[in-house]
Amino acid sequence: MINTEPDNERTIARNAERVVTARLRDAKFFWTADRRTTLESRLDRLATLLFHKKLGSYREKTDRIERLAKRIASAHFGASAETANQAAHAARLSKTDLTTDMVREFTELQGKMGGIYAREEGLPEEVWKAIYYQYLPVGVESDAPPSRAQLGKAAVTWAAVSLADKLDTVVGLFAAGEKPTGSRDPYGLRRAAHGILRLLVDLKSLTGLTLRPTLQDVLGPATEAFSVDPEQQIRLTDFFLERLAYLLEEHGFDIRNVRAVTFKRGLGRGQAR
């Protein structure tokens, strides 16, 4: 889009083509350069990237979600040892693309490029797809991506990694004293909570699993990595209840019934969405 009258469409098209061509050349260069180094060998570089001043580096975060993803897959999904190990593998590599030239230049590709690079390295579908889709789901709608068809054999490993990452973010930042206020949510905690709840609510349709872990089942292991005091635990529970009320309303449940079952400590009185 341009803000001037297209007096010379051919010139405009030629200039736009030059810009796009330059970007594609950059992408090709990054693609070639990044693939000279494996994702596994990039792990130590994550120690130089700060996740949060009170929660450490991205290397420390991936260590936490590796342990948590394996535990969720095994203890709460009833997955085999092989699947639990694949979830741990995907979690360990999940943030390594943050150190690539491609993602530094095109930040919107984080996760996706990690998955693509993992596929190019020959890693199993259960691993590379879990990395590729790790930031999803974002929306609370039942048809929000990813779909079961997109996930394929990676459905269970993806669910474990996605849950572990989002739980680590929400619980860790609450423990660090970060909490959304009004319309302010710089760390995207509401979005992460929506992803956690959507995944738990639709776990069977997304993965085929018959086990139905509760939020408290997966919150417990997540809080072990942090010093969550009783007051923070109460605020965390209330926060998730607010998000659950929103999700159920968006799924079409009667608002009166939703507020009746989620009413606690003042919930149901016009919370921010």
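All values reported here derive from a predicted model rather than from experimental measurement. (Residues numbered from 1 in each chain as written. Predicted model: local features only at pLDDT ≥ 70, side-chain atom pairs only at ≥ 80, totals over all residues. Heavy atoms only, no water.)

## Thoughts on the overall build of the chain
Secondary structure assignment for the chain yields 13 helices and two strands. Against the compact-globule benchmark of 19 Å for 273 residues, the chain has a radius of gyration of 21 Å, which places it among compact chains. Within the chain, the proportion of its 273 residues that are buried is 47%. Considering only residue pairs separated by 6 or more positions, the chain has 68% of its internal contacts joining residues 24 or more positions apart. Entry remark: accessible area of the chain is about 14000 Å², with carbon and sulfur atoms responsible for 51%. Put simply, the chain has 42 plus and 36 minus side-chain charges, and the middle of one group is 1 Å from the middle of the other. (Helix = DSSP H or I, 4+ residues; strand = E, 2+ residues; numbered from the N terminus. Rg over C-alpha atoms; globule rule 2.2 N^0.38 Å. Buried < 20%, exposed > 50% of the residue type's maximum accessible area, 1.4 Å probe, protein only. Contact = heavy atoms within 4.5 Å. Areas by Shrake-Rupley, 256 points an atom, 1.4 Å probe, with all protein chains shown as cover. Lys, Arg positive; Asp, Glu negative; His and termini not counted. Charge placed at Lys NZ, Arg CZ, Asp CG, Glu CD.)

## Re the pattern of salt bridges
Pairs may arise between side chains of opposite charge once their charged atoms sit close together. One pass over the structure, following the stated rule, counts 20 salt bridges. For D63, the salt bridge identified is with R59, shortest N-O distance 3.4 Å. Placement of the pair is D63 and R59 together in helix 2 (residues 58-76), with a separation of four residues, close to one helical turn. The exposure class assigned to R59 is partly exposed, which follows from its relative accessible area of 23%. When the shortest N-O distance is used, the salt bridge between D254 and R256 registers 3.0 Å. Judged by its relative accessible area of 30%, D254 is partly exposed. Salt bridges sharing common partners tie together K61, R64, K95, D165 and D168. (Salt bridge = Lys/Arg side-chain N within 4 Å of Asp/Glu carboxyl O.)

## Focus on the nonpolar core
Counting 68 residues, the largest nonpolar core has I72, F77, L167, V170 and F240 as its most contacted members. Top element by residues in this core is helix 8 (residues 155-175). It accounts for 13 residues. If we skip the residues at most four places from it in the chain, L167 touches L68, I72, G172, I196, V218, L219 and A222. (Core = buried A, V, L, I, M, F, W, Y, C linked by side-chain atoms within 4.5 Å.)

## Quick notes on the packing of helix 5 (residues 112-120) against helix 6 (residues 125-132)
In the contact formed by helix 5 and helix 6, the axes pass within 6 Å of each other and the chain directions differ by 160 degrees. Relative to helix 6, the element helix 5 lies roughly antiparallel. For the element pair helix 5 and helix 6, the recorded crossing hand is left-handed. Where helix 5 abuts helix 6, its residues K112, G114, G115, I116, A118 and R119 lie against W128, I131 and Y132. (Axes fitted to C-alpha atoms, helices over the stretch in contact; angles between N-to-C directions. Parallel < 35°, antiparallel > 145°, perpendicular 65-115°, else oblique. Left-handed = near helix turned anticlockwise from the far one by under 90°.)

## What to know about the side chain of T223
For T223, the location among the structural elements is in helix 11 (residues 215-223). Accessibility expressed as a relative area gives 16% for T223, which makes it buried. Not counting chain neighbours up to four residues away, the residues in contact with T223 comprise V171, V228 and Q233.

## A short note on unusual backbone geometry
Note on backbone geometry: most residues besides glycine have negative phi, and most peptide bonds are trans. Cis geometry marks the peptide bond from L136 to P137, where omega comes out at 0 degrees. Considering the arrangement of structural elements, one finds P137 in the loop between helix 6 and helix 7 (148-151). Across the junction of P145 and P146, the peptide omega takes the value 5 degrees, indicating a cis bond. When you line up the elements, P146 lands in the loop between helix 6 and helix 7.

## Quick look at the packing of aromatic side chains
Across all of its chains, the model carries eight aromatic pairs by this definition. Ring centres of W31 and Y117 lie 5.5 Å apart, and the angle between their planes is 35 degrees; this geometry places the pair in the tilted category. Here Y117 lies in helix 5 and W31 lies in helix 1 (residues 9-34), a separation of 86 residues in the sequence. Given a relative accessible area of 25%, W31 falls into the partly exposed group. Pairwise contacts between aromatic rings join F29, F30 and F106 into one cluster. When the ring centre of F51 is taken as origin, the NZ or CZ atom of K61, which lies over that ring, is 4.5 Å away. Between R119 and the ring centre of W128, over which it is positioned, the NZ or CZ distance is 5.4 Å. (Phe/Tyr/Trp six-rings, centres within 6.5 Å; stacked < 30°, edge-to-face > 60°. Lys NZ or Arg CZ within 6 Å of the ring centre and 35° of its normal.)

## Details of the confidence of the model for the chain
Residues at a pLDDT of 70 or more form 94% of the chain, whose mean pLDDT is 90. Taken as a whole, residues 265-273 scores under 50 in pLDDT and shows 17 contacts with residues more than four places along the chain or in a different chain. (pLDDT = per-residue confidence, 0-100.)

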